Amino acid sequence: VKSRGARDYGISTMVYNMAWAKDGKYLAAGRVDRIVSLIDPDRGVVLKDLHGHTESVTACCFSPGNEVLATSSRDATIRIWPIESQKRAKGKLN
């Protein structure tokens, strides 16, 4: 994976936190605009934008097997997003 900035993935807002999946398959970007972007770093595309926080997203963390992504926010919540299970159940993330 070549080195890229958030703008290379089409993200034009400030990113507070980024996290790599253990296997390098995904990159998550916690954004100031309350969105979490799930990125395919090999293709250089945002697979899905996750909406639900009401304040800036401050941290992201993948589970070891990429089943879920945990995020926290300035809204004092933690959200758990299905990743791999969603892909299997619904076909594609994008």
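This report concerns the structure included in the present document. Each chain has its residues counted from 1, following the order in which its sequence is written. Side-chain atom pairs in this predicted model are given and counted only at pLDDT of 80 or more, local residue features only at pLDDT of at least 70, and totals for whole chains, interfaces and linings cover all residues. Water and hydrogen atoms were dropped before computing side-chain values, which therefore reflect all heavy atoms in the structure.

### Looking at the sheet that holds strand β1 (residues 15-20)
Here is step 1: Being paired, for any two strands, means DSSP has found at least two bridges between them. Put simply, DSSP H or I for four residues or longer makes a helix, DSSP E for two residues or longer makes a strand, and each gets a number counted from the N terminus. Pairing within the open sheet is antiparallel, and its 4 strands lie in the order β1-β2-β3-β4. The two strands at the open ends of the sheet, each matched to only one other strand, are β1 and β4 (45-51). Mean inter-strand twist for the sheet, computed between neighbouring axes without regard to direction, equals 20°.
Here is step 2: Strand direction decides the pairing type here: strand β3 (residues 35-40) and β4, joined by 6 bridges, are antiparallel. Opposite Ser37, over in β4, you have Asp49 as the bridge partner. To get an axis, a line is fitted to the C-alpha atoms, and for a helix only the part in contact is used. The angle between two axes follows their N-to-C directions and goes from 0 to 180 degrees.

### Quick look at the side chain of Thr71
Here is step 1: Secondary-structure assignment places Thr71 in strand β6 (residues 68-73).
Here is step 2: Each residue gets one of three labels from its accessible area relative to the maximum for its type: buried under 20%, exposed over 50%, partly exposed in between, using a 1.4 Å probe on protein chains only. Taking relative accessible area as the criterion, Thr71 reaches 1% and is therefore assigned buried.
Here is step 3: Each polar contact in these results corresponds to two N or O atoms within 3.5 Å; when the atoms are within protein, one needs to be able to donate a hydrogen and the other to accept it, and residues that are neighboring in sequence are counted only if both atoms are side-chain atoms. At 2.7 Å, the side chain of Thr71 and the side chain of His53 are in polar contact.
Here is step 4: Residues are treated as being in contact if the distance between any of their heavy atoms lies within 4.5 Å. In contact with Thr71, not counting residues within four places along its chain, are Val36, His53, Val57, Ala59, Cys60, Thr77, Ile78, Arg79 and Trp81.

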